[in-house]
Amino acid sequence: RARRVSGPDPHLREAGGSMILMTSSAGMEGSASLPVYAMVKAAQRTLAKGLAAEWGADGIRVNCICPGSIRAAAPSGERPAHIPVGRHGTPADVANMVAFLASEEASYLNGAVITLDGGATAGRAKPRRAEAVLTAVGSSSTKRLATTPS
């Protein structure tokens, strides 16, 4: 039986502040190898948004961080191809985001889902040079367009 969240603990309501849920970028896209894990992480995102909407009036901000590939020490010179910024995240990257979300500088940020993955879930990077193929509607002809580097 579903139960409605009745509000924050009275002590939390009195103190106000910030709640930060740590989820995972796996909950942003899903995972073939860990589908239940990804489902739970996606549910945590939704929980953060719901609590933010309900508890915001009580002075409690609720936000969510979705870290991607975080490594304490990555092999030197490694440039992961799937991460546009070209490196894995570090524990310091996550700690800095937590510190920001808990700070007064983030006092207007409530219900946010911060994807902290170096752009890994943002999509594939556009190739520097590409050749696009257009097929004319209603025609069997194909035109080739050379794109210029950006």
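Values in this document were obtained by computation on a predicted structure and should not be read as measured data. (Residues numbered from 1 in each chain as written. Predicted model: local features only at pLDDT ≥ 70, side-chain atom pairs only at ≥ 80, totals over all residues. Heavy atoms only, no water.)

Peer 1: Can you break down the overall build of the protein chain residue by residue, with the values?
Peer 2: Check the secondary structure of the protein chain and you find four helices and five strands. Reading the secondary structure of the protein chain in the N-to-C direction produces α-β-α-α-β-α-β-β-β. Considering only contacts in the protein chain between residues 6 or more positions apart, those separated by 24 or more positions represent 58%. Summed over all atoms, the accessible surface of the protein chain reaches about 10,400 Å², with 56% contributed by carbon and sulfur. (Helix = DSSP H or I, 4+ residues; strand = E, 2+ residues; numbered from the N terminus. Contact = heavy atoms within 4.5 Å. Areas by Shrake-Rupley, 256 points an atom, 1.4 Å probe, with all protein chains shown as cover.)

Peer 1: Explain the sheet that holds strand β3 (residues 113-116) to me, using residue names and the numbers behind them.
Peer 2: In space, the three strands of this open sheet follow the order β1-β2-β3, with parallel pairing throughout. Of all strands in the sheet, those bounded by a partner on one side alone are β1 (17-22) and β3. Geometrically, the sheet is characterised by an average inter-axis angle of 25 degrees between neighbouring strands, direction not taken into account. Here six bridges tie β1 to strand β2 (residues 60-67), and the two strands are oriented parallel to one another. Within the sheet, the bridge partner assigned to L21 lies in β2 and is C64. Packed onto the sheet, helix α3 (residues 35-55) meets β1, β2 and β3 and runs at close to 160 degrees relative to β2. (Pairing = 2+ DSSP bridges. Axes fitted to C-alpha atoms, helices over the stretch in contact; angles between N-to-C directions.)

Peer 1: Can you explain the pattern of salt bridges? Please cite residues and give values.
Peer 2: Inspection of every chain in the model, using the stated rule, returns two salt bridges. E78 serves as the salt-bridge partner of R71, at 3.3 Å between the closest nitrogen and oxygen. Classification of E78 by relative accessible area gives partly exposed; the value is 31%. Residue R87 pairs with D93 through a salt bridge whose shortest N-O separation is 2.9 Å. Given the relative accessible area of 42%, R87 is considered partly exposed. For D93, a relative accessible area of 22% corresponds to the partly exposed category. (Salt bridge = Lys/Arg side-chain N within 4 Å of Asp/Glu carboxyl O. Buried < 20%, exposed > 50% of the residue type's maximum accessible area, 1.4 Å probe, protein only.)

Peer 1: Which residues make up the confidence of the model for the protein chain, and what are the values?
Peer 2: Detailed reading of the predicted coordinates is not advisable wherever pLDDT falls low. For the protein chain, per-residue confidence averages 81 on the pLDDT scale, and residues scoring 70 or more make up 77% of the total. The low-confidence segment residues 128-148 (pLDDT under 50) makes 21 contacts with residues lying over four places distant or belonging to another chain. (pLDDT = per-residue confidence, 0-100.)

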